Amino acid sequence: VQLQASGGGLVQAGDSLRLSCTASGRTFSNWVMGWFRQAPGKERELVAAISGSGARRRYGDSVIGRFTISRDNGKNTVYLQMSSLEPEDTAVYYCAADEGALNPLTSRTANYDYWGQGTLVTVSS
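Residues numbered from 1 in each chain as written. Predicted model: local features only at pLDDT ≥ 70, side-chain atom pairs only at ≥ 80, totals over all residues. Heavy atoms only, no water.

> Would you explain the state of the cysteines in this entry?
Covalent bonding between the sulfur atoms of two cysteines is what defines a disulfide. Tallied over the full model, the rule gives one disulfide. The disulfide bridge from Cys-21 ends at Cys-95, spanning 2.1 Å between sulfur atoms. Because the sign of the S-S torsion sets the handedness, a value of about 60 degrees for the bond joining Cys-21 and Cys-95 places this disulfide among the right-handed ones. Of the two residues, Cys-21 sits in strand β3 (residues 17–24) while Cys-95 sits in strand β9 (residues 91–98), which places them 74 residues apart along the sequence. (Disulfide = S-S within 2.5 Å. Helix = DSSP H or I, 4+ residues; strand = E, 2+ residues; numbered from the N terminus.)

> I keep staring at the nonpolar core and nothing clicks. Help me out?
Nonpolar side chains in soluble globular proteins generally cluster together in the buried interior. Formed by 28 residues in total, the largest nonpolar core has its most connected members in Met-33, Trp-35, Leu-80, Met-82 and Tyr-93. Beyond its immediate sequence surroundings of up to four residues, Leu-80 is in contact with Leu-17, Arg-18, Leu-19, Trp-35, Val-47, Ala-48, Phe-67, Thr-68, Ile-69 and Tyr-93. Counting seven residues, the second-largest nonpolar core is a separate cluster that includes Val-32, Leu-46, Leu-105 and Tyr-112. (Core = buried A, V, L, I, M, F, W, Y, C linked by side-chain atoms within 4.5 Å. Buried < 20%, exposed > 50% of the residue type's maximum accessible area, 1.4 Å probe, protein only. Contact = heavy atoms within 4.5 Å.)

> Is there a simple way to think about the environment of Cys-95 in this case?
Under the relative-accessibility criterion, Cys-95 is labelled buried at 0%. Through-space distance from the C-alpha of Cys-95 to that of Gly-8 is 12 Å; in sequence the pair is 87 residues apart. Each residue touching Cys-95, except ones within four places of it in the same chain, is listed here: Leu-3, Ala-5, Cys-21, Gly-34, Trp-35, Tyr-114, Trp-115 and Gly-116.

> What am I meant to see in the sheet that holds β3 here?
Note on sheets: strands pair through backbone hydrogen bonds, and any given pair is parallel or antiparallel. Taking strand neighbours across the sheet as the criterion, the four strands line up as β1-β3-β8-β7 in an open arrangement whose pairing is antiparallel. The sheet is open, and its two borders are formed by β1 (2–6) and β7 (67–72), each paired with just one other strand. Taking the axes of each pair of neighbouring strands and ignoring which way they run, one obtains an average angle of 15 degrees across the sheet. Relative to strand β8 (residues 77–82), β7 runs antiparallel, the two sharing six bridges. Bridge pairing in β8 places Arg-71 opposite Val-78. (Pairing = 2+ DSSP bridges. Axes fitted to C-alpha atoms, helices over the stretch in contact; angles between N-to-C directions.)

Just distances and angles here, no functional claims.
Here you go:
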């Protein structure tokens, strides 16, 4: 299984950006998918997670109302639409896959089986 994240870049505060993560192999629709981020000197934190069917979603407190996670199982891709970006959103963003279809949308990194390489998002003030 390989996860390929893309879409990061340098934007200004208030701008929008969409991240994509495409997975290879196995049955994508069976996986919980998550987006995490890690800023310098900070722990990796959950940004958003989505169940295999897309029916369940979970967001980190700091992004509620600004970010939206979605997925297209036909394309083996999960998206993170980010709006009203703030300098505090600057981080490396990682996508991750949990193979347990009925698992809770956990923030625990240890529960995720596969990780993408990360894509850098920089928000200037």
